[in-house]
Amino acid sequence: MVDSIPVLSRTADPDAPLWRAAQVFRLVTVVYAVSSHFSTVPYYTDKSLSWFLIGVLVAWSLTSALLLSRGRRGRPVVVAVDQITAIALMASTRLISDHDWYSHHQTMPTTLWVANAVISAALFAGPLAGIASAIVMAAVSAVVRDQVNLDLWADATAPVLVACGVAMGFAMRTARAAHRQLEEAVRIAAATEERDRLARQVHDGVLQVLALVQRRADEDSGRGIDRAELARLAGEQEEALRRLISEQDTEVDRGGQHVDLTAMLRMRVDGDVTVAAPADPIVMDRPRAGELVALATTALDNVDHHAGRDAKAFVLLEDLGDEIVLSIRDDGVGIESGRLAEASAQGRLGVSKSIVGRARWLGGVAEVETAPGQGTEWEIRVPKEEPNG
């Protein structure tokens, strides 16, 4: 079954482990920056301002570490502020020390802490962004320390920062490439397993029909064969074969956050149920699609148990843009007026909970039209996305 394929969200953040590791590094550099400040503060001309700036450094480090490790949302703003904060803190070195000090020592935040801004840029936009950030930080450091006339590469600041940008940028690219390859492997495995499942079903059915033909031919030799029954069985196998062929181009369930509702529904219903759906995939959040499919299978189970032996079921799936309409109809015996309310009052809650309740939970409605001898038709209308999403 496809359910045995490992679940891999297509919207998962492949960079998340790198971002979390970078924030651990950030917190380590905060400890180093504060420790370094204790040893250098006696040489500053404005000690109070220097402690205030260290407080800003610590506060921003904790805030940015929390925001960057939680997810993609807001990362562009945090990365931009990270660059500005690092530059501003380096420039403030001139406010808290004299020329003799800042021209011969590293800037107040320390080069190690400034590397966080470079790492953030590299993880967010790749190695070129990391290199650009490193060059900017190295240039600012040289200007602040009044060392623009020296070869920047004679100082360790530029090489260290550029190395950080290159390494983390390529690490990000590698992580994303590996994630894409894993997604593709999961997709291929799911498609292969689904094809194998359908092929086994068709294979077994065809063998059974052929064996029956041979057996009946032997038994009824000279008496004639029940051609109507054989035609019916052959028709069923033809339908199964057509279904197998048609579903080879169907978007299978890839185990991600979103899924094709049509493919998911076709995989869950029996082969004798006629399913009509749009040619294009109906992409939905997995939980909502799963609830709709569960709702449909419950209604089809009711057809099997209550509509009559020869009843046929038909499913119509419509995508109206912001709304999904699921119609389930059968040509069975129908339901007597008031029978659903009576069943609910007796504690038989299959319909009220599994169909009406599910539709209401999804923010939609489920309506039924039925009459004795005229079959039953359910129409379920639900928003394509969560009403408050």
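Residues numbered from 1 in each chain as written. Predicted model: local features only at pLDDT ≥ 70, side-chain atom pairs only at ≥ 80, totals over all residues. Heavy atoms only, no water.

- As recorded in an unreviewed UniProt entry, the chain goes by the name DUF5931 domain-containing protein, listed as coming from Rhodococcus artemisiae.

Some thoughts on helix α6 (residues 111-125)
Moving on, step 1. The end-to-end C-alpha distance of α6, which contains 15 residues, comes to 21 Å, matching closely the 21 Å that a straight helix rising 1.5 Å per residue would cover.
Moving on, step 2. In terms of burial, α6 is largely enclosed, as 12 of its 15 residues are buried.
Moving on, step 3. Looking only at α6, the buried set comprises T111, W113, V114, A115, N116, A117, V118, I119, S120, A121, A122 and L123.
Moving on, step 4. Just past α6, the residue G126 takes up positive phi, approximately 100°. (Helix = DSSP H or I, 4+ residues; strand = E, 2+ residues; numbered from the N terminus. Expected span 1.5 Å × (residues − 1). Buried < 20%, exposed > 50% of the residue type's maximum accessible area, 1.4 Å probe, protein only.)

As for the pairing of strand β7 (residues 376-383)
Moving on, step 1. The alternating pattern of β7 places T376, W378, I380 and V382 on a buried face and E377, E379, R381 and P383 on a face that is not buried.
Moving on, step 2. As paired strands, strand β5 (residues 323-330) and β7 are joined by 8 bridges and run antiparallel to one another. In the strand pairing of β7, V325 is matched with R381. (Pairing = 2+ DSSP bridges.)

Here we look at the sheet that holds strand β4 (residues 313-319)
Moving on, step 1. Read across the sheet, 5 strands follow the order β2-β4-β5-β7-β6 without closing on themselves; strand pairing throughout is mixed. Edge positions in the open sheet fall to β2 (274-276) and β6 (365-370), since each of these has one partner strand only. Sheet twist, expressed as the mean angle between neighbouring strand axes with direction ignored, is 15°.
Moving on, step 2. Two strands pair when backbone bridges link them, and β4 and β5 are joined in this way by 7 bridges, in the antiparallel orientation. Of the residues in β5, the one forming a bridge with A313 is D330.
Moving on, step 3. Helix α10 (residues 261-268) rests against β2, β4 and β5 of the sheet, and its axis sits at about 170° to β4.
Moving on, step 4. Contacts from helix α11 (residues 286-306) reach β4, β5 and β7, with the element oriented near 15° to β5. (Axes fitted to C-alpha atoms, helices over the stretch in contact; angles between N-to-C directions. Contact = heavy atoms within 4.5 Å.)

Thoughts on the packing of aromatic side chains
Moving on, step 1. A complete count under the given rule lists 3 aromatic pairs for this structure.
Moving on, step 2. When the centroid spacing of 6.2 Å and the interplanar angle of 85° are considered together, the rings of Y44 and W101 count as edge-to-face. Separated by 57 residues along the polypeptide, Y44 in the loop between α1 (16-40) and α2 (47-70) and W101 in helix α5 (residues 99-102) bring together distant segments of the chain.
Moving on, step 3. For Y44, a relative accessible area of 5% corresponds to the buried category.
Moving on, step 4. With a relative accessible area of 12%, W101 lands in the buried category. (Phe/Tyr/Trp six-rings, centres within 6.5 Å; stacked < 30°, edge-to-face > 60°.)

Side note on the pairing of β4
Moving on, step 1. Relative to β4, β2 runs parallel, the two being bridged by 3 bridges. Each bridged residue has a counterpart across the sheet, and for T274 the counterpart in β4 is F314.
Moving on, step 2. Counted between consecutive antiparallel strands, the loop separating β4 from β5 contains 3 residues, among which G321 sits at a positive phi close to 95°.

Considerations on unusual backbone geometry
Moving on, step 1. With a phi close to 75°, T110 is a non-glycine residue in the positive phi region.
Moving on, step 2. Within the secondary structure, T110 is located in the loop between α5 and α6.
Moving on, step 3. By relative accessible area, T110 is classed as buried at 1%.

Here we look at the UniProt feature "transmembrane region" (unreviewed entry) in the chain
Moving on, step 1. Using the residue numbers shown here, the UniProt feature "transmembrane region" (unreviewed entry) corresponds to residues 49-68, 117-140 and 152-172.
Moving on, step 2. End C-alpha to end C-alpha, residues 117-140 measures 13 Å, and it is 96% helix and 0% strand. (UniProt positions renumbered as here; feature names shortened; annotations may be inferred.)

Notes on a negative patch on the surface
Moving on, step 1. Residues D270, D272, D301 and D304 make up a contiguous surface patch of negative charge.
Moving on, step 2. Here D272 shows up in the loop between α10 and β2.
Moving on, step 3. Under the relative-accessibility criterion, D272 is labelled partly exposed at 49%. (Patch = residues over 30% accessible without salt bridge, like charges linked within 9 Å, V, L, I, M, F, W, Y side chains within 5 Å. Areas by Shrake-Rupley, 256 points an atom, 1.4 Å probe, with all protein chains shown as cover. Salt bridge = Lys/Arg side-chain N within 4 Å of Asp/Glu carboxyl O. Lys, Arg positive; Asp, Glu negative; His and termini not counted. Charge placed at Lys NZ, Arg CZ, Asp CG, Glu CD.)

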